[in-house]
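# Survey of secondary and tertiary structure
Residues per chain, in single letters:
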Amino acid sequence: MAGSVNKATLLGNLGKDPESRTFQNGGKSVSFTLATNETWKDKNTGERQEKTQWHNIVITNEQLGGIAERFLKKGSKVYIEGAIETRKYEKAGQDVYITEIVLKPYHGELTLLDDKGTD
């Protein structure tokens, strides 16, 4: 039995078109934001409520990145499995932390859920 598991499973819609980055070492990543929605009925008012969460997705898996570049666009519905990673960088002298769902080589899953032939 494994000592721990780091896995996120999301089903949502792209908030923007995928962006590609190529690194000096020849590596490449594809990134985009993914919106997931939660809806419920307010017990007091009976009104429908909705909450949207935004997730940063980074694909370093070459095959999945190629699929994302070719077939995904803003609004596309996708199913994603990846690892949760937090990284730190400095901006204007301050440490900034960002949490991402990362689909690494040999790990992660990307399933396109839009009907074929739709725009």
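Placed above this text is the structure.
In this text the structure is predicted, and so the values were computed from the model without any measurement.

### Considerations on the environment of Y79
- The residue Y79 is located in strand 5 (residues 77-91) in this model.
- Through-space distance from the C-alpha of Y79 to that of L34 is 10.0 Å; in sequence the pair is 45 residues apart.
- With residues up to four places along the chain from it excluded, the contact list for Y79 reads T9, L10, L11, E109, L110, T111 and L113.
- A distance of 2.3 Å separates polar atoms of two side chains, one belonging to Y79 and the other to E81.

### Looking at the nonpolar core
- Counting 16 residues, the largest nonpolar core has F32, L34, I57, I59, I80, L103 and L110 as the members making the most contacts within it.
- Listing elements by their share of this core, those giving two or more residues are strand 1 (8-14), strand 3 (28-41), strand 4 (48-59), helix 1 (62-71), strand 5 and strand 6 (94-103).
- Those residues in contact with L34 that lie beyond four places of it in its chain are L10, G12, N13, L14, Q53, W54, H55, I57, V78 and I80.

### What to know about the side chain of E81
- Looking at where E81 falls in the secondary structure, it is placed in strand 5.
- Its relative accessible area of 16% is what places E81 among the buried residues.
- Other than its neighbours up to four places away in sequence, E81 contacts K7, A8, T9, L103, G108 and E109.

### A word on the pattern of salt bridges
- By the definition in use, this model includes 8 salt bridges.
- Here E100 ties to R87 by a salt bridge, and the two come within 3.0 Å at their closest N and O atoms. Taken together, the positions of E100 in strand 6 and R87 in strand 5 put the pair 13 residues apart, joining distant regions of the chain.
- Among the residues examined, E100 registers a relative accessible area of 8% and is labelled buried.
- Of the residues examined, R87 reaches a relative accessible area of 40% and is grouped as partly exposed.
- One connected set of salt bridges, linked through shared partners, spans K16, E19 and R21.

Thresholds, definitions, all that
- Residues numbered from 1 in each chain as written.
- Predicted model: local features only at pLDDT ≥ 70, side-chain atom pairs only at ≥ 80, totals over all residues.
- Heavy atoms only, no water.
- Helix = DSSP H or I, 4+ residues; strand = E, 2+ residues; numbered from the N terminus.
- Contact = heavy atoms within 4.5 Å.
- Polar contact = N/O pair within 3.5 Å; in protein donor to acceptor, adjacent residues only side chain to side chain.
- Core = buried A, V, L, I, M, F, W, Y, C linked by side-chain atoms within 4.5 Å.
- Buried < 20%, exposed > 50% of the residue type's maximum accessible area, 1.4 Å probe, protein only.
- Salt bridge = Lys/Arg side-chain N within 4 Å of Asp/Glu carboxyl O.

Take it as geometry only, folks, not as evidence of what the structure does.
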